[in-house]
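# Structural characterization, general
Single-letter residue listing:
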Amino acid sequence: MLVTTKDMLLDAQKGHYAVGAFNVENLEFVMAVLAAAEERHSPVIMQTTPGTVKYAGLDYFYGMVKAAAERTDIPVALHLDHGDGFDRCMQAIHTGYTSVMIDGSHVPFEQNMELTESVCKPAAAMGIPVEAELGKVGGKEDDGPDAGKENPFTDPDEAVEFVERTGCTSLAVGVGTAHGVYKGTPHIEQEILKEIRSKVSIPLVLHGTSGVPDDQVFTAIENGICKVNYATELRQAFTKGYMAYMAENPDCFDPKKPSKEGMAEIQKVVSSHMDNLGSSHKA
Ligand SMILES: [Zn+2]
């Protein structure tokens, strides 16, 4: 069933686990993520970035995820990842998305608060939860700017003011992770996370988690993370399965055959993360 992320994340917070938010790129990703959620009996968030939305349109993704959600009793949420402005967020909500993120992390603190609040007010009236971001997740999300060498960490005291002023219902924090593929081993600043958790009561979100060792993610969940995003690993998994099939069957021209192998690889990755996040058997 299609639900919002509100109770899903509050339940995770109470139960000391996290819900995985998996970026879906096409029908095969949607089917594979759903298969993993059913196999693990786990609540699940499927999300799309503006780049993915530009590829096919909000309506296509809504249609696919709604169909997936209607096939199951498992709670499924459809979330706009890294919403790049007021208009995109409103379009997503009006299309049927059950959760949105407004990402104002690229503008100064005060402007980020104004932008976030402008989305939170109408979203609240429509019953849609809003994730915001304070501090920077490194690397390059989608076709956005590279966070580069700016201080990436969320200031815990700013987080308190930000959440109070904006009314956001969950908060993505900068604690050392980055989008894309890591060059070295990533390191989550658990102490900063703990300090934010001690001051802010809403669910916290971890971005850029592909490639972060499971034990670090596990500790981050103990320290207050309730939603964990995975995008890059799913892309890599699908491509790996798809290409392996095509390498063995170069004459194949039926895309369903290599896609099946790609989906199997995604399902493996997603199921294993659900176990580590603690969301398995929580649906
Ligand atoms: Zn992100």
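Residue numbering note: each chain is counted from 1, following its sequence as written. This being a predicted model, a pLDDT of at least 70 is required before a residue's local features are given, and a value of 80 or more before pairs of side-chain atoms are given or counted; all residues contribute to the totals for chains, interfaces and linings. Remark: hydrogens and water are excluded; side-chain values derive from all non-hydrogen atoms of the structure.

## Points about the packing of aromatic side chains
- Two aromatic rings, drawn from Phe, Tyr or Trp (for Trp, its six-membered ring), form a pair once their centres lie within 6.5 Å of each other, and the interplanar angle then sorts them: stacked below 30 degrees, edge-to-face above 60, tilted otherwise. As enumerated under the stated definition, the model contains four aromatic pairs in all.
- Look at F29 and F238: their rings are 5.4 Å apart centre to centre, the planes differ by 45°, and that puts the pair in the tilted class. Residue F29 is found in helix α2 (residues 27-40), and its partner F238 is found in helix α10 (residues 232-248); the two are separated by 209 residues along the sequence.
- Considering the side-chain rings of F109 and F162, the 6.4 Å spacing of their centres and the 40° angle between planes classify their relative orientation as tilted. Of this pair, F109 sits in helix α6 (residues 109-125) while F162 sits in helix α7 (residues 156-166); the two residues are 53 residues apart in sequence, bridging distant segments of the chain.
- Since its relative accessible area comes to 0%, F162 is described here as buried.
- An aromatic cluster is present here, built from F29, F238 and Y242 joined pairwise through their rings.
- Between K282 and the ring centre of Y17, over which it is positioned, the NZ or CZ distance is 4.7 Å. Numbering goes from the N terminus for both helices and strands, where a helix is a DSSP run of H or I of at least four residues and a strand is a run of E of at least two. Working definition: with a 1.4 Å probe on protein chains only, accessible area under 20% of the residue-type maximum means buried, over 50% means exposed, and in between means partly exposed. Two conditions define a charge sitting above a ring: the NZ of Lys or the CZ of Arg must be within 6 Å of the ring centre, and it must be within 35 degrees of the ring normal.

## So, the nonpolar core
- Ranked by size, the top nonpolar core spans 70 residues in total, and within it V33, M46, L171, I225 and I266 carry the most contacts.
- Considering each element in turn, this core owes the most residues, seven residues, to α2.
- Contact criterion: two residues are considered in contact whenever any of their non-hydrogen atoms come within 4.5 Å of each other. When residues no more than four places from it in sequence are discounted, the contact partners of V33 are F22, V24, V44, M46, L234, I266 and V270.
- Judged by nonpolar contacts, the second largest core, of nine residues, contains A12, A21, I45 and A77. Here, nonpolar core means buried Ala, Val, Leu, Ile, Met, Phe, Trp, Tyr and Cys residues that are tied together by side-chain atoms lying within 4.5 Å of each other.

## A closer look at the sheet that holds strand β2 (residues 44-48)
- The eight strands are arranged β1-β2-β3-β4-β5-β6-β7-β8 in a closed barrel whose pairing can be described as parallel. Taking each pair of neighbouring strands and ignoring which way they run, the sheet shows an average axis angle of 30°.
- Of the pairings in the sheet, the one linking strand β1 (residues 19-23) to β2 comprises three bridges and is parallel in character. Pairing of F22 across the sheet is with M46, part of β2.
- Axes here mean lines fitted to C-alpha atoms, for a helix over just the part in contact, with angles spanning 0 to 180 degrees between N-to-C directions. Packed on one face of the sheet, α6 meets β4 (99-102) and β5 (130-134) and runs near 175° to β5. A pair of strands is treated as paired once DSSP finds two or more bridges between them.

## Structural notes on the side chain of S105
- You can see S105 is positioned in the loop between β4 and α6.
- Residue class for S105 comes out buried when judged on its relative accessible area of 6%.
- Engagement of the side chain of S105 in a polar contact is seen with the side chain of D103, the distance being 2.6 Å.
- Pairs of N or O atoms are called polar contacts if they sit within 3.5 Å, as long as, within protein, a hydrogen donor faces a hydrogen acceptor (for residues adjacent in sequence, only side-chain-to-side-chain pairs). Within the structure, the side chain of S105 is placed 3.3 Å from the side chain of E133, a separation counted as a polar contact.
- Here S105 is in contact with N112, E133, G135 and K136, once residues within four sequence places are set aside.

## Quick notes on the packing of α2 against helix α11 (residues 256-277)
- Where α2 contacts α11, the axes come no closer than 8 Å and their chain directions differ by 40°. In terms of axis orientation, α2 runs oblique to α11. Between α2 and α11 the crossing geometry is right-handed. The segment α2 lies against α11, with E28, F29, M31, A32, V33, A35, A36, A37, E39 and R40 engaging S259, M263, I266, Q267, V270, S271, M274 and D275.
- Side-chain classes follow a simple rule in which Ala, Val, Leu, Ile, Met, Phe, Trp, Tyr, Cys and Pro form the nonpolar group, Asp, Glu, Lys and Arg form the charged group, and the remainder, Gly included, forms the polar group. Residues of the contact of α2 with α11, tallied by class, amount to 11 nonpolar, three polar and four charged. Under this scheme an angle from 65 to 115 degrees is roughly perpendicular, one under 35 degrees roughly parallel, and one over 145 degrees roughly antiparallel; angles in between are oblique. Should the near helix be turned anticlockwise from the far one by less than a right angle, the crossing is left-handed, and should it be turned clockwise, the crossing is right-handed.

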